[in-house]
Amino acid sequence: MSAAVITLEKQKDLSDKLVIQRPPFGLSLQGRIRIPGDKSISHRALMLGAIAQGETEIQGLLLGEDPRSTASCFQAMGAEISELNTELVRVKGIGLGNLQEPVDVLNAGNSGTTLRLMLGLLASHAGRFFTVTGDNSLRSRPMSRVVKPLQQMGAQIWGRKGNSLAPLAIAGQALKPIHYHSPIASAQVKSCILLAGLATAGKTTVTEPALSRDHSERMLRAFGAELSVDPETNSVTVTGPAQLFGQKVVVPGDISSAAFWLVAGAIVPGSELVVENVGVNPTRTGILEALELMGADIQLENQREVAGEPVADIRVRSSNLKSCTIAGDIIPRMIDEIPILAVAAVFAQGTTIIRDAAELRVKESDRITVMAQQLNKMGAKVSELPDGMEITGGTPLVGTDVDSHTDHRIAMSLAIAALVANGVTTIHRAEAAAISYPSFFQTLTAIVN
Ligand code: S3P
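Residues numbered from 1 in each chain as written. Predicted model: local features only at pLDDT ≥ 70, side-chain atom pairs only at ≥ 80, totals over all residues. Heavy atoms only, no water.

Novice: What's the story with the domain arrangement of the chain in this structure? I'm lost.
Specialist: For interface size, the figure often reported is the accessible area lost on association. As assigned here, the chain comprises domain 1 (5–37 + 253–447) and domain 2 (39–250). Once you take the C-alpha centre of each, domain 1 and domain 2 turn out to be 29 Å apart. Taken together, the contact between domain 1 and domain 2 spans 27 residues of the former and 26 residues of the latter. Of the roughly 2200 Å² buried where domain 1 meets domain 2, counting both sides, 49% is carbon and sulfur surface. When the buried surface of domain 1 facing domain 2 is broken down by residue, Thr 283, Glu 364 and Ile 435 rank first, second and third, together holding 25% of it. The interface formed by domain 1 and domain 2 holds three salt bridges in total. Note that Glu 364 and Arg 141 form a salt bridge whose closest N and O atoms lie 3.9 Å from each other. Our enumeration of links across domain 1 and domain 2 arrives at 14 residue pairs in polar contact (both at pLDDT 80 or more). Broken down by secondary-structure element, the contributors of at least two residues to the side of domain 1 that touches domain 2 are β18 (309–317) and α12 (408–418). (Domains from an automatic or database assignment. Contact = heavy atoms within 4.5 Å. Buried area = accessible area lost by both parts, 1.4 Å probe. Salt bridge = Lys/Arg side-chain N within 4 Å of Asp/Glu carboxyl O. Polar contact = N/O pair within 3.5 Å; in protein donor to acceptor, adjacent residues only side chain to side chain. Helix = DSSP H or I, 4+ residues; strand = E, 2+ residues; numbered from the N terminus.)

The structure is reproduced here in structure tokens:
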């Protein structure tokens with residue numbers, strides 16, 4: 001069997017071109033993989049560490065571009081954060097309500113979580129003025145979902161298109177508590193309001209239509225906030241003003257990053273992979289349930305709890321997949337994994353239907369349109385639905401030129417599809433992967449046989 005050729009080339013415009021040439025008789029994947037830290041938990045550890053009293057120690061922080069944006073925003077507001085590494089990052093908290101007015105615009109880069117969660121904190125800093133922005137993608141993403149509830153709490157926020165797009169300007173105010181019924185299941189919306197509620201006297205409640213990831217709730221409790229959860233109604237209440245104290249946080253591996261290898265192991269014939277130290281918080285494991293529905297051979301091993309989050313090693317062996325239908329409450333529990341699930345569906349027998357996922361259209365790119373276009377270029381049969389996709393599996397993929405549209409999850413999903421495409425696939429703007437998974441291509445090269 002001749003070897004696969006995988007090369008990453010810097011282009012004149014500083015973008016990366018990833019070329020994957022599958023050998024004529026295919027390849028297989030073998031090995032144990034240690035994935036980087038969870039992006040959602042990394043953001044929250046940096047933010048809560050910055051606003052707590054005393055020192056927070058973070059082990060396993062994701063060193064991707066998104067958490068780096070969070071760190072630099074909070075440094076600009078007075079938090080002392082040690083050099084970022086995975087071993088131990090120390091954050092010297094400045095105490096709730098003590099973020100300093102930054103002398104320049106805060107730049108959240110590509111990170112929706114940084115911008116939306118931070119807004120909740122800034123809005124409640126009475127007498128201080130902040131301006132926030134982001135990159136081209138973030139400046140086109142909807143902010144009214146957090147601006148509106150914050151305004152109901154008394155926040156003063158201005159921005160483009162009726163205060164719905166960044167750059168945004170915030171004049172901090174003493175806020176009043178509200179009970180917000182969110183029209184969407186979004187952890188960013190929920191967390192933004194809870195963070196605003198921390199400094200607000202009284203009870204601030206968020207009710208969401210389906211349960212979204214609960215990392216904020218877990219970590220706020222661990223830092224000492226008074227928080228109650230009503231699972232019957234998907235409601236969370238925080239009582240302010242809170243007192244937060246620095247903690248030791250251990251960040252588990254990101255299941256959203258593990259998902260690329262789980263799908264790769266399932267669809268590349270003759271493969272067996274173990275992905276180690278994966279966070280398996282039940283609000284994130286929709287991808288495991290979806291892959292099991294498709295007949296994937298996946299086992300959770302060494303299940304344990306680390307610093308308040310469930311963790312496991314996950315073994316995957318290749319198998320014949322069948323189509324499935326996913327919709328409803330599972331969607332928020334796997335929203336970031338739908339691009340890679342679409343790749344799995346291309347290799348499954350039958351037609352997979354994904355619905356209730358209109359949120360994909362307002363992620364780092366319109367992930368419904370971009371995935372459909374890019375996979376179809378490779379010969380797949382994907383049609384767009386307003387709130388999802390219909391994917392008919394079983395047509396072989398053929399390597400061609402595809403583009404990440406600067407979306408990290410699209411870049412990595414296309415790289416996995418390339419492993420099973422005939423010939424040569426060229427993925428343009430592949431550097432986007434560094435947003436959440438800087439070592440993705442090294443790991444890819446290491447496990448290909
Ligand atoms: C995140 C929540 C999700 C997810 C994003 C991270 C978080 O966004 O897509 O990657 O850390 O809270 P929404 O809350 O907009 O669904």
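After that view of the structure, there is still more to cover.
Novice: I keep staring at the side chain of Ser 42 and nothing clicks. Help me out?
Specialist: Structurally, Ser 42 can be placed in helix α1 (residues 39–51). Look at Ser 42 and you get buried, because its relative accessible area is 0%. If we ignore the near neighbours within four places in the chain, the residues touching Ser 42 are Gly 37, Leu 61, Leu 62, Pro 67 and Val 251. (Buried < 20%, exposed > 50% of the residue type's maximum accessible area, 1.4 Å probe, protein only.)

Novice: Looking at this model, I keep getting lost on the sheet that holds strand β17 (residues 297–306). Mind explaining?
Specialist: For sheets, the rule is that strands pair by backbone hydrogen bonds, running either parallel or antiparallel. Spatially, four strands are ordered β3-β16-β18-β17 in an open sheet, and the strand pairing comes out mixed. Edge strands, defined here as strands with exactly one partner in the open sheet, are β3 (30–34) and β17. Averaged over all adjacent pairs, the angle separating strand axes in this sheet is 15°, with direction ignored. Relative to β18, strand β16 (residues 272–279) runs antiparallel, the two being bridged by six bridges. Following the sheet pairing, Glu 272 is matched in β18 by Arg 317. (Pairing = 2+ DSSP bridges. Axes fitted to C-alpha atoms, helices over the stretch in contact; angles between N-to-C directions.)

Novice: Looking at this structure, I do not really get the environment of Ile 435. What am I missing?
Specialist: Counting through the fold element by element, Ile 435 comes out in the loop between β26 (424–428) and α13 (440–447). Along the sequence, Ile 435 and Gly 109 sit 326 residues apart, while their C-alpha atoms lie 9.6 Å from each other. The residues touching Ile 435, leaving out its near neighbours within four places in the chain, are Leu 62, Gly 64, Glu 65, Asp 66, Pro 67, Asn 110 and His 408.

Novice: Would you take a moment to explain the layout of surface pockets for this structure?
Specialist: Once rolled over the atoms, a probe with the size of a water molecule shows which space is left empty. The space that makes up the largest pocket amounts to roughly 560 Å³. Lining the largest pocket are 39 residues, with Ala 185, Ser 186, Ile 335, Glu 359 and Lys 363 positioned closest to its centre. Among the elements of the structure, α1, α3 (112–123), α6 (187–198) and α12 are those that each provide at least two residues to the lining of the largest pocket. Per-class residue counts for the lining of the largest pocket are 12 nonpolar, 10 polar and 17 charged. Taken domain by domain, the makeup of the lining of the largest pocket includes at least three residues from each of domain 1 (5–37 + 253–447) and domain 2 (39–250). Quantified by volume, the second largest pocket comes out at close to 360 Å³. Surrounding the second largest pocket, 20 residues form its lining, Arg 34, Gly 60, Thr 86, Val 251 and Asn 277 being those nearest its centre. Residue classes in the lining of the second largest pocket are distributed as 11 nonpolar, seven polar and two charged. No fewer than three residues from each of domain 1 (5–37 + 253–447) and domain 2 (39–250) sit in the lining of the second largest pocket. (1 Å grid on protein atoms, 1.4 Å probe; cavity = no way out; pocket = protein on both sides within 12 Å on 5 of 7 lines; lining within 4 Å. Points joined across faces, edges and corners; volume = space filled by probe spheres on them. Nonpolar A, V, L, I, M, F, W, Y, C, P; charged D, E, K, R; others polar.)

Novice: Looking at this structure, how should I read the site of the ligand?
Specialist: Every residue lining the ligand is accounted for by Lys 39, Ser 40, Arg 44, Thr 113, Ser 186, Ala 187, Gln 188, Arg 213, Ile 335, Asp 336 and Lys 363. In the model, an oxygen atom of the ligand is placed 2.6 Å from a nitrogen or oxygen of the Asp 336 side chain. At a separation of 2.7 Å, an oxygen atom of the ligand approaches a polar side-chain atom of Lys 363. Most atoms of the ligand, that is more than half of them, are within 2 Å of grid points of the largest pocket. At the level of elements, α1 and α6 are the ones that each hand at least two residues to the shell around the ligand. The element that contributes the greatest number of residues to the shell around the ligand is α1, accounting for three residues. Split by residue class, the shell around the ligand holds two nonpolar, four polar and five charged. Taken domain by domain, the makeup of the shell around the ligand includes at least three residues from each of domain 1 (5–37 + 253–447) and domain 2 (39–250). (Near = heavy atom within 4 Å. Sits in = over half its atoms within 2 Å of the grid points.)

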